Amino acid sequence: MKIHVELDVVRQTKWYEYALRFLFGGLITATAGIIAKKFGPEIGGLFLAFPAIFPASATLIENHERERKARLGLKGTKRAAQAVSVAAAGAAIGSIGLAAFALAVWKTIPNHSPWLALLGAILVWMTLSVLLWQIRKRFAPLRRRIKRAPVPNE
Amino acid sequence: MSEIVLRFLIGGAVVSAFALLGDLFKPKSFAGLFGAAPSVALATLALTLSLEGARYVATEARSMVVGAIAFFVYASVVSWVMMHYKWRALPVTASSILLWFGVAFGLWCVCLR
């Protein structure tokens, strides 16, 4: 499947789902600041990669998938779980990009223009994440074929 | 107090913007990339940069590398469990956060303390 944009999702999403993500995002950002002030940036920094809104996003994906299947008269439990699993696999790839973002900020910000360093780190996250996603997409069918292949007799 | 409110508002806005981007894209595995976007980091680091300076931000970013590794373990486990057991998303994703805490603080103690 090619990468594309689906605007229907914006209409499908309810206002309280947006509010919930704003609340979680705001809370974790404020908490990370408080923790850094109280325990120092060494501990506070950990929370910059905290999966704050992942549970809310995963629940949203699950609900939308169930609603879609319910319209066809199906339960959709299996499909919803698979959709969440696929999104989590994407997040795992994105987290490698997230580590690269942090590494880029750590190494470049003390010696370069801070705002340029942040911008450069965003580009690193985006490029690496998309690249790794493309690699995984290319090799996933091959891996599935290997798994399905019968084991030859020795 | 006003700094915390500012962090809350900026964090909420940046995280929501990245989450919305994630909603818009298909396929889901690609949209999932935005689940690990540096949204909290951007909101925090930009503010911290203006308040505390670049050295402080670099120290936070060093610990963030460890947090991101913990995120990778967290997301991989959630993906595996959801694919194999078909449980509800909220209990799995919420309870697995304990795993994030374990990996993040464990690695921090071993590598950065």
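Residues numbered from 1 in each chain as written. Chains lettered and ligands numbered in written order. Predicted model: local features only at pLDDT ≥ 70, side-chain atom pairs only at ≥ 80, totals over all residues.

Visitor: Would you take a moment to explain unusual backbone geometry for this structure?
Guide: Leave glycine aside and you will find that most residues have negative phi; peptide bonds, for their part, are mostly trans. Residue and element names in this part refer to chain B. Omega for the bond connecting lysine 26 with proline 27 falls within 30 degrees of zero, at 0 degrees, which places this linkage in the cis form. The residue proline 27 is located in the loop between β1 (25–26) and α2 (28–31) in this model. The backbone phi angle of lysine 86 is positive, close to 55 degrees, even though this residue is not glycine. Within the element layout of this structure, lysine 86 appears in the loop between α4 (54–85) and α5 (89–95). Take lysine 86: there are 15 C-beta atoms within 10 Å of it, and that puts it in the partly exposed class. (Helix = DSSP H or I, 4+ residues; strand = E, 2+ residues; numbered from the N terminus. Buried ≥ 20, exposed ≤ 12 C-beta atoms within 10 Å, placed from the backbone.)

Visitor: Sorry if this is basic, but what is going on with the packing of helix α2 (residues 15–39) of chain A against helix α3 (residues 39–52) of chain B here?
Guide: Packed helices, taken two at a time, are described by the angle between their axes plus the distance between the axes. The geometry of α2 of chain A relative to α3 of chain B is characterised by a closest axis approach of 10 Å and an angle of 45 degrees between their N-to-C directions. Taken together, the axes of α2 of chain A and α3 of chain B are oblique relative to one another. Where α2 of chain A crosses over α3 of chain B, the handedness of that crossing is right-handed. Residue-level contacts link Gly25, Ile28, Thr29, Ala32 and Gly33 of chain A of α2 of chain A to Ser39, Val40, Ala43 and Thr44 of chain B of α3 of chain B. (Axes fitted to C-alpha atoms, helices over the stretch in contact; angles between N-to-C directions. Parallel < 35°, antiparallel > 145°, perpendicular 65-115°, else oblique. Left-handed = near helix turned anticlockwise from the far one by under 90°. Contact = placed C-beta atoms within 7 Å.)

Visitor: Would you mind showing me how to read the interface of chain B and chain A here?
Guide: Interface size is commonly expressed as the accessible surface area that is lost when the partners come together. Contact residues are listed per partner, giving 73 residues for chain B and 74 residues for chain A. For the side of chain B that touches chain A, the secondary-structure elements that each account for two or more residues are α1 (2–24), β1, α2, α3, α4, α5 and α6 (97–112) of chain B. Examining the composition of the side of chain B that touches chain A, we find that 26 residues originate from one element, α4 of chain B, more than from any other. Its residues placed into classes, the side of chain B that touches chain A shows 50 nonpolar, 15 polar and eight charged. Sheet topology note: the strand β1 (residues 4–5) of chain A/β1 of chain B ladder contains two bridges and is antiparallel. Bridged to histidine 4 of chain A within β1 of chain B is lysine 26 of chain B. (Nonpolar A, V, L, I, M, F, W, Y, C, P; charged D, E, K, R; others polar. Pairing = 2+ DSSP bridges.)

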